[in-house]
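# Descriptive structure summary
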Amino acid sequence: MSFGQGGPPWGSGGAGGPGGPGGGSTPDWAALAEQAERQRGKRRRWLMAGGGALATAAVAGIVAVAVVNEGDGDNASDKPSNSLPAPEDLPSSGGGQPTFKDEPPPPPPPRYFIADAEHDKAPLSAATLFPAKRVTVNGHPYKLASTSTSKSCAEAAHAGLGPVLTRNDCTALYRATFTSKGLAVTVGIAVFEDSKAAAQVKKNYQPNLVALPGNGVPDFCRTVTCRTTANNLGRYAYFTIAGRTNGTESGPSDTQAQRVALDGSNYAYGRVLQRGRAQSSEAAKEPAS
């Protein structure tokens, strides 16, 4: 039997060949066994290397799963899918619509009503401006002696103040005199069309308001020095003149007369402001238009 041109895989049997000396054709079984063992060793090493790579990949996969599952975010859940809320039960991403209380707007502030004649519609008289028979201002008690209304404002003012009132179209001047322990103060509240005219009167003020006697109060502050004040609030300008009822002078050193004049000014301010407050309160009670 012939093996072709190349001969058998173990050679031609020369010296040193598998046939051994003499060139016999018997295979060298020991050499073949050694060669087979070397090939099995190589295959074992490749299998171990491949298995290690697979094990490394498996460990990496386990770590990745662990990292993902350890997150405790708001969107994660370990509940079965059939126990999660339905999509229609979840809140809308756009949020709910804003709601507003069905309430009327607040009324304008008190100063709005006393700023001009258009909004200042409450009854106006000496009785509404000076309603109390006894008042206490800054802890000092006073008794109301008399009141007066002058539609011609200059009639209740001396030569300095009269023309100022007339130039700014004063429509009425209301006076009231209060007494306390030998002292008297006349409070005068002049009315104008708007706050601009009242502010001009304060700016251009000249003395004096005429003191109002009556009901046991003698004529005072006629020919002697007395303490005076002038101010404005809204469309009203208000003045005071204070002094001794016994006719003595009340100069700069008479701190008691000065204090009475300031109390009268504070009282006038409070009465004008009260007009605004009362009208604001009434407006709050009216139904919204």
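Residues numbered from 1 in each chain as written. Predicted model: local features only at pLDDT ≥ 70, side-chain atom pairs only at ≥ 80, totals over all residues. Heavy atoms only, no water.

In the nomenclature of an unreviewed UniProt entry, the protein chain is known as Tat pathway signal sequence domain protein of Streptomyces axinellae.

### Focus on the pairing of strand β5 (residues 227-233)
Defined as follows: Two strands qualify as a pair provided DSSP detects at least 2 bridges between them. Numbered from the N terminus, helices here are DSSP runs of H or I no shorter than four residues, and strands are runs of E no shorter than two.
For β5 and strand β6 (residues 236-244), the ladder comprises 7 bridges, and the chain directions are antiparallel. What sits directly across from L233, in β6, is Y236. Here β5 folds back onto β6, and the loop between the two strands holds 2 residues, one of which, G234, carries a positive phi near 60 degrees.

### Here we look at the pattern of salt bridges
Here is the rule: Each salt bridge in this description consists of a side-chain nitrogen of Lys or Arg and a carboxyl oxygen of Asp or Glu lying within 4 Å of one another. A simple rule labels every residue: compare its accessible area, found with a 1.4 Å probe on the protein chains alone, to the largest value its type can have, and call it buried under 20%, exposed over 50%, or partly exposed in between.
In the structure shown here, the tally under the stated rule is 5 salt bridges. The salt bridge involving D219 is made with R222; its shortest N-O contact spans 2.8 Å. In this structure D219 comes out as partly exposed when scored by relative accessible area, which is 45%. R222 gets classed as partly exposed once you look at its relative accessible area, which sits at 45%. Three or more residues are tied together by salt bridges with common partners; here these are D120, R235 and R275.

### Some details on the environment of P123
Its location among the elements puts P123 in the loop between α2 (110-113) and α3 (126-129). For P123, a relative accessible area of 65% gives the class exposed. When the C-alpha positions of P123 and R275 are compared, they lie 9.3 Å apart, and in sequence the two are 152 residues distant.

### Some points on the packing of aromatic side chains
In this description, an aromatic ring pair is defined by two values, namely the gap between the centres and the angle between the planes. Rule in force here: Aromatic pairing here means that ring centres of Phe, Tyr or Trp (its six-membered ring) are within 6.5 Å. Orientation follows from the plane angle: under 30 degrees is stacked, over 60 is edge-to-face, and everything else is tilted.
Applying the stated criterion across every chain yields a total of 4 aromatic pairs. For the pair F130 and F178, a centre-to-centre distance of 6.5 Å together with 65 degrees between the ring planes defines the contact as edge-to-face. Remark: F178 occurs in strand β3 (residues 172-180) and F130 occurs in the loop between α3 and β1 (134-137); sequence separation between them is 48 residues. What makes F130 buried here is its relative accessible area of 3%. Look at F178 and you get buried, because its relative accessible area is 3%. Between F178 and Y267, the ring centres sit 5.3 Å apart and the planes meet at 75 degrees, which makes this aromatic pair edge-to-face. Residue F178 is located in strand β3, and its partner Y267 is located in helix α6 (residues 255-285); the two are separated by 89 residues in the primary sequence. Residue Y267 is classed as buried on the basis of its relative accessible area of 12%.

### Concerning the nonpolar core
Inclusion rule: By nonpolar core we mean a set of buried residues, namely Ala, Val, Leu, Ile, Met, Phe, Trp, Tyr and Cys, connected to one another through side-chain atoms within 4.5 Å.
Membership of the largest hydrophobic core comes to 28 residues, with the highest contact counts inside it found for F130, Y174, F178, V187 and I189. At 7 residues, the largest contribution of residues to this core is made by α6. Ranked by size, the runner-up nonpolar core spans 25 residues in total, among them C153, A157, Y205 and C221.

### What to know about the side chain of S280
Inclusion rule: Whether two residues touch is decided by their heavy atoms; if any such pair falls within 4.5 Å, the residues are in contact.
Within the secondary structure, S280 is located in helix α6. Excluding anything up to four places from it in sequence, S280 contacts P107, P108, P109, P110 and F113.

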